[in-house]
Amino acid sequence: MAKIGSTKANARIFVSHLAGKAVFDQDGDQVGRVRDVIVQLPLEAHERPRVLGLVAEVTGKRRIFLPITRVTAIENGQVISSGLINMRRFQQRPNETLVLAELLDRRVRLLSRDEGKDEVQVKDVAIEQTGPGDWEVVKVFVQYPGKGLRRRGESVIVDWESLSGFGAPEPGQQEAAALLATFDQMRPADVARAVHELNPRRRSEVIAALDDERLADVLEELPEGDQLEILARLEVERAADVLEEMDPDDAADLLGDLPAEEAERLLELMEPDEAAPVRRLLSYSDDVAGGLMTSEPIILPPDATVAEALARIRTPELSPALASQVYVCRAPLETPTGRYLGTVHFQRLLREPPSTLVSAAVDTGIEALRAEQPLHEVTSFMATYNLVAAAVVDQAGHLLGAITVDDVLDHVLPADWRHRELHHEDSEEVQP
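Residues numbered from 1 in each chain as written. Predicted model: local features only at pLDDT ≥ 70, side-chain atom pairs only at ≥ 80, totals over all residues. Heavy atoms only, no water.

Participant: Just checking my understanding: could you explain the sheet that holds strand E17 (residues 369-370) for this structure?
Facilitator: Either a parallel or an antiparallel arrangement is found when strands of a sheet pair, and the pairing is made through backbone hydrogen bonds. What the three strands build is an open sheet, ordered E17-E18-E19; its pairing is mixed. Only two strands of the sheet have a single partner each, and these edge strands are E17 and strand E19 (399-404). (Pairing = 2+ DSSP bridges. Helix = DSSP H or I, 4+ residues; strand = E, 2+ residues; numbered from the N terminus.)

What follows is the structure in structure tokens.
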């Protein structure tokens with residue numbers, strides 16, 4: 001069988017070799033061990049299952065979900081992940097299959113060119129990297145039944161496409177799975193339009209099958225009425241998990257539309273470090289700078305280098321507006337920060353040598369917005385200086401967050417602009 005190697009294209013790993021391997025975060029600290037691999041079985045026989053992520057066991061026997069897109073390396077018996085690891089408890093979705101728990105030891109049919117169909121037993125499954133963050137099942141290690149005095153039959157490694165009998169989803173699940181496969185290649189705004197058009201039954205199936213991160217992205221693009229309806233359909237624990245995945249400003253906007261008692265219940269179920277910035281944003285009116293900002297811009301100390309800044313703005317999860325500049329502050333670097341020193345625009349970063357300190361490239365010519373400034377002053381400020389993002393500070397000069405142009409547009413456009421967009425005559429209708 002293949003040995004665990006680096007995650008270069010075409011690297012192949014048998015899942016049984018991953019079981020029990022240590023998982024490390026980007027700082028080199030061990031956070032847990034691999035317990036299973038999650039895949040999505042295809043609807044068509046000729047397609048291969050996609051790997052969605054890993055199930056990792058952390059302290060206290062708690063099992064969490066690690067998206068495969070966060071896995072940067074699998075080498076030397078270790079799994080390395082990037083970004084923050086979400087410690088919420090793993091909950092299997094209807095469209096997910098656990099390789100070790102559900103596929104191994106399953107009896108399936110091997111499609112043989114000469115002998116028709118032969119029953120075999122699955123002993124292992126090999127996954128292969130097909131691109132950055134993309135893995136799929138390619139090979140299956142199977143065993144024939146023993147014959148005569150032999151207790152064990154012959155073992156062979158075959159292509160996934162050579163087997164049948166892994167099972168197909170029920171009709172309703174199959175239709176939902178087909179929609180999910182389509183949604184996988186779409187932008188969140190386009191998925192939101194499609195979800196908006198679904199009938200209630202199909203919408204419930206799709207919502208149940210979407211992972212929390214994807215559902216959070218979609219919720220941010222839906223009209224207020226749809227957001228509240230979907231949140232009400234979720235179990236309260238999952239609703240809190242989805243809110244944790246949303247940008248803090250979007251989560252605050254959604255919670256602000258709920259009764260105070262219900263919003264507080266959800267905040268208490270969220271992880272404290274995820275709930276804290278949302279609580280701060282809820283303390284501001286939604287028509288002032290403090291209520292418009294996001295509390296998670298890119299913040300760097302003055303002794304960080306241009307190379308470090310460029311690495312941060314390349315993070316795929318960042319919106320283009322947030323990636324347009326970094327904010328230089330004294331410690332602490334979590335909002336509210338130490339003293340705000342200024343902003344470095346990404347164009348300036350591109351012009352400086354990688355070893356240059358960001359403090360040498362700070363733009364101090366534009367003052368930051370104050371948290372209490374009203375919306376009309378914010379829009380005028382950003383238009384005057386041709387900004388796509390702007391810093392927001394408190395009276396003591398501590399950075400509280402940043403306002404991006406999309407935050408401003410959300411409040412400048414008519415209140416029902418998302419609803420109008422979803423009903424635009426040119427919108428493609430998704431049939432339930």
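What follows picks up the thread again.
Participant: Quick question: what am I supposed to make of the pattern of salt bridges here?
Facilitator: A pair can form between side chains of opposite charge whenever their charged atoms are brought close. One pass over the structure, following the stated rule, counts 16 salt bridges. Overlapping salt bridges bring together Arg203, Asp226, Glu229 and Arg233 as one network. (Salt bridge = Lys/Arg side-chain N within 4 Å of Asp/Glu carboxyl O.)

Participant: Can you help me understand the environment of Val195 in this one?
Facilitator: Here Val195 is to be found in helix H4 (residues 188-197). The contacts of Val195, once residues within four sequence positions are left out, are Phe183, Arg203, Val218 and Ile230. (Contact = heavy atoms within 4.5 Å.)

Participant: Looking at this structure, I do not really get the environment of Ile230. What am I missing?
Facilitator: Its location among the elements puts Ile230 in helix H7 (residues 224-233). Along the chain, Ile230 and Ile207 lie 23 residues apart, while their C-alpha atoms are 7.9 Å from each other. Ignoring anything within four residues of it in the chain, the contact list for Ile230 reads Val195, Arg203, Ile207, Leu215, Leu219 and Leu222.

Participant: Could you clarify how one ought to interpret helix H13 (residues 306-313) in this entry?
Facilitator: Every α-helix carries 3.6 residues per turn, so stepping three or four residues along brings you back to the same face. All of the buried residues in H13 are Val306, Ala309, Leu310 and Ile313. Along H13, the residues classed as buried sweep out an arc of 100° about the axis, all on the same side. The inward-facing, buried residues of H13 abut strand E14 (299-300), strand E15 (325-329) and helix H14 (346-351). (Buried < 20%, exposed > 50% of the residue type's maximum accessible area, 1.4 Å probe, protein only. Arc of directions from axis to C-beta.)

Participant: Please explain the packing of aromatic side chains as it appears in this structure.
Facilitator: Think of a pair of aromatic rings as described by two things: how far the centres are apart, and how the planes are tilted against each other in angle. Per the stated rule, a full pass over the model turns up three aromatic pairs. Relative to Phe90, the ring of Phe65 lies with its centre 6.5 Å away and its plane at 25°, an arrangement referred to as stacked. With Phe65 in strand E5 (residues 62-67) and Phe90 in the loop between strand E7 (78-81) and strand E8 (97-98), the pair connects residues that are 25 residues apart, well separated along the chain. (Phe/Tyr/Trp six-rings, centres within 6.5 Å; stacked < 30°, edge-to-face > 60°.)

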